[in-house]
Amino acid sequence: MFIIGISLQSSKYLRQIFIKSPLDNIPGPPSKSLIYGNMKEIFGRDAWPLYDMVTESYPGVLKLAGPLGHRILYVFDPVALHTIIVKDQYVFEESRWFIKANQNSFGPGLLSTLGDHHRKQRKLLNPVFSIAHMRRMLPTFYEVTHKKGIEDRVAGQGGPVEIDVLSWMGRAALELIGQAGLGYSFDPLVADSEDDYCEAIKSFQPLTTNLVFFRRLHPYLPDIGTPWMRRKMVELFPNKSVRNMGKVVDIMHTRALQICEEKKKLLQQGDEAFKDKVGEGNDLMSILLRVNMVASDEDKLPDDEIVGQVSTFISAAVDTTSNALSMTFSLLAKHPDVQEKLRKEIIGASNGGEDIDYDTLVSLPYLDAVCRETLRLRPPITNGFRETRKDAVVPLSEPITGLDGSKISEIFVPKETTVLVGIYSSNRNKALWGEDALEWKPERWLQALPDTVSEAKIPGIYSHLMTFLGGGRACIGFKFSQLEMKAVLCLMLLKFKFELSDKPIKWNVSGIQFPTVGDSTKPSLPMKLSMYKESQE
């Protein structure tokens, strides 16, 4: 089965070496290798210089070399992005390997479906993420963030204490999506140890990075035999990461089933049964199950798709938000003047340390500016994959010069072309954001943005940014993520002062960028924390 997959994938790529393509006239960096093309550069942990180079040197579109001569179109031109993300979004669908890998990891959740199937799920899920529901979740966000796990380690120490902020933000993000999203508590945020599920969630993203090659083979691997037989093949596969991923998926699926079964039993007992439960029935999963119960037969989701949403919610919500929060704290430590200005705004809104109400929280201008600027400059996800399901034409905002000297105002993109949506590059495009686009400047959001930004009509769902994508596959939980970030930032800055560690910190390119100490492969962000009130005495 594995050999069949490699053969099919190789034959698909090798054809491109001998067949000419309209993309051959598109400029791009030279290929470094016939076997890997530019892929080791663009997906390596140290790929930031290459991303910066292509963003600075190319006018919104370029050709990259994939494995074995495969052509990849890298796009951050706003007009081209609108065609890919919105206008022709069902031509430029998620890559087959992405969908198949997610099906095997999460089940048939929102990240694992396409076309009408995806639209049906999204139709049922959209109301679950309404602002009205977000309001009801804010007290849960505060309750989780008030846990004293970090405070017990910092208070009374007489000075800064080194804390792994990434680890604690990851645990907090899991507990926040657990309580507010699923009505389930994963981690009391007190002890240093975590249960097997928390460990599984933490290891999922690093494993996907290790399995990039195998994930791309998914569409070409036939579903031979029974599920039991395929599971045994994974258990015996001669690759440790594959075997570990099998264990992680089993743990995630078992807990997802448990959560859904418990919720369904409570719903059958009526609202009274939720009174002493986590979230009291106001969590996203309870809302989804209620909506699904009264949906028409045409709109109702089967049980396996409901279960699939559990692991999907967690996978999509934990690392992205926790890493974004960690990046924000890191930037605030690098810019202590910004940290203090933001803290003063929060203190002024909190009436002496009280939890800030929803309307006030979402309208704090400097807090909003800090969040937007961090998500602009350092989006957790660097790019997104798309794959053309048929031949397509992509217009450009301005003509580019082809390798033959001709002017190109639109690009013919053949069927089965891989397209990389340049999230990072779009957010840093100097042609739109100005010469200071590479600087972290929250103040830019306190005044009118350049006309070039508003006129470009960038198709992102959030603040002219591609961070949460756009169109029918935009991040459905971006409001949840924003509220979570703001609640955590407020409470943490009221309690703690953040300083950089003396250790060398490196942010790594990955499916979701992550920090390490130097060249270590273990995700970690040590920072110096001290109690804010103690530091003022």
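Above this text is the structure in question.
Structure report, in brief. Note that the structure is predicted; figures quoted are calculated from it, not measured.

## Examining the sheet that holds strand S3 (residues 92-93)
Taken in spatial order, the five strands make up an open sheet running S1-S2-S8-S5-S3, and their pairing is mixed. Single-partner strands in this sheet number two, and they are strand S1 (61-65) and S3. Bridge count between S3 and strand S5 (residues 384-388): two bridges; the pairing is antiparallel. If you follow Glu-93 over to S5, its bridge partner there is Glu-387.

## Considerations on the packing of aromatic side chains
Using the criterion set out here, one finds 18 aromatic pairs in the structure. Where Tyr-51 meets Tyr-74, the ring centres are 6.4 Å apart and the plane angle is 50°; that geometry is what we call tilted. Linking Tyr-51 in helix H3 (residues 48-57) with Tyr-74 in strand S2 (residues 71-75), this pair joins segments that are 23 residues apart in sequence. The interplanar angle of 85° and the centroid separation of 6.1 Å between the aromatic rings of Trp-97 and Phe-98 together place this pair among those described as edge-to-face.

## A short note on the pattern of salt bridges
Applying the stated criterion to the full structure yields 31 salt bridges. Across the salt bridge formed by Lys-148 and Glu-151, the nearest N and O atoms sit 3.5 Å from each other. Each member of the salt-bridge network shares a partner with another, and the members are Glu-373, Arg-376, Asp-436, Lys-441 and Arg-444.

## A closer look at the side chain of Gln-121
If you trace the backbone, Gln-121 turns up in helix H6 (residues 115-125). Overall, Gln-121 belongs to the buried group, its relative accessible area being 0%. Within the structure, the side chain of Gln-121 is placed 3.2 Å from the side chain of Gln-309, a separation counted as a polar contact. In contact with Gln-121, other than residues within four places in its own chain, are Pro-108, Gly-109, Leu-110, Thr-113, Leu-301, Glu-305 and Gln-309.

## Side note on helix H13 (residues 240-269)
Compared with an ideal rise of 1.5 Å per residue, which puts 30 residues at 44 Å, H13 spans 44 Å between its outermost C-alpha atoms and is within 8% of the ideal. Once H13 finishes, Gly-270 follows within two positions and takes phi at roughly 100°, a positive value.

## Observations regarding the nonpolar core
Formed by 160 residues in total, the largest nonpolar core has its most connected members in Ile-314, Phe-329 and Phe-498. The leading source of residues in this core is helix H15 (residues 303-334), at 14 residues. Ignoring any residue separated from it by four or fewer positions in sequence, one finds Phe-329 in contact with Val-165, Met-169, Leu-489, Met-492, Phe-498 and Met-527.

## Thoughts on the environment of Gln-482
Topologically, Gln-482 is positioned in helix H22 (residues 478-495). Sequence separation between Gln-482 and Ser-350 is 132 residues, and the spatial gap between their C-alpha atoms is 19 Å. Contacts of Gln-482, omitting those with residues within four sequence positions, involve Asp-368, Cys-371, Leu-375, Tyr-462 and Phe-468. Side-chain polar atoms of Gln-482 contact the side chain of Tyr-462, separated by 2.9 Å.

What counts and how
Residues numbered from 1 in each chain as written. Predicted model: local features only at pLDDT ≥ 70, side-chain atom pairs only at ≥ 80, totals over all residues. Heavy atoms only, no water. Pairing = 2+ DSSP bridges. Helix = DSSP H or I, 4+ residues; strand = E, 2+ residues; numbered from the N terminus. Phe/Tyr/Trp six-rings, centres within 6.5 Å; stacked < 30°, edge-to-face > 60°. Salt bridge = Lys/Arg side-chain N within 4 Å of Asp/Glu carboxyl O. Buried < 20%, exposed > 50% of the residue type's maximum accessible area, 1.4 Å probe, protein only. Polar contact = N/O pair within 3.5 Å; in protein donor to acceptor, adjacent residues only side chain to side chain. Contact = heavy atoms within 4.5 Å. Expected span 1.5 Å × (residues − 1). Core = buried A, V, L, I, M, F, W, Y, C linked by side-chain atoms within 4.5 Å.

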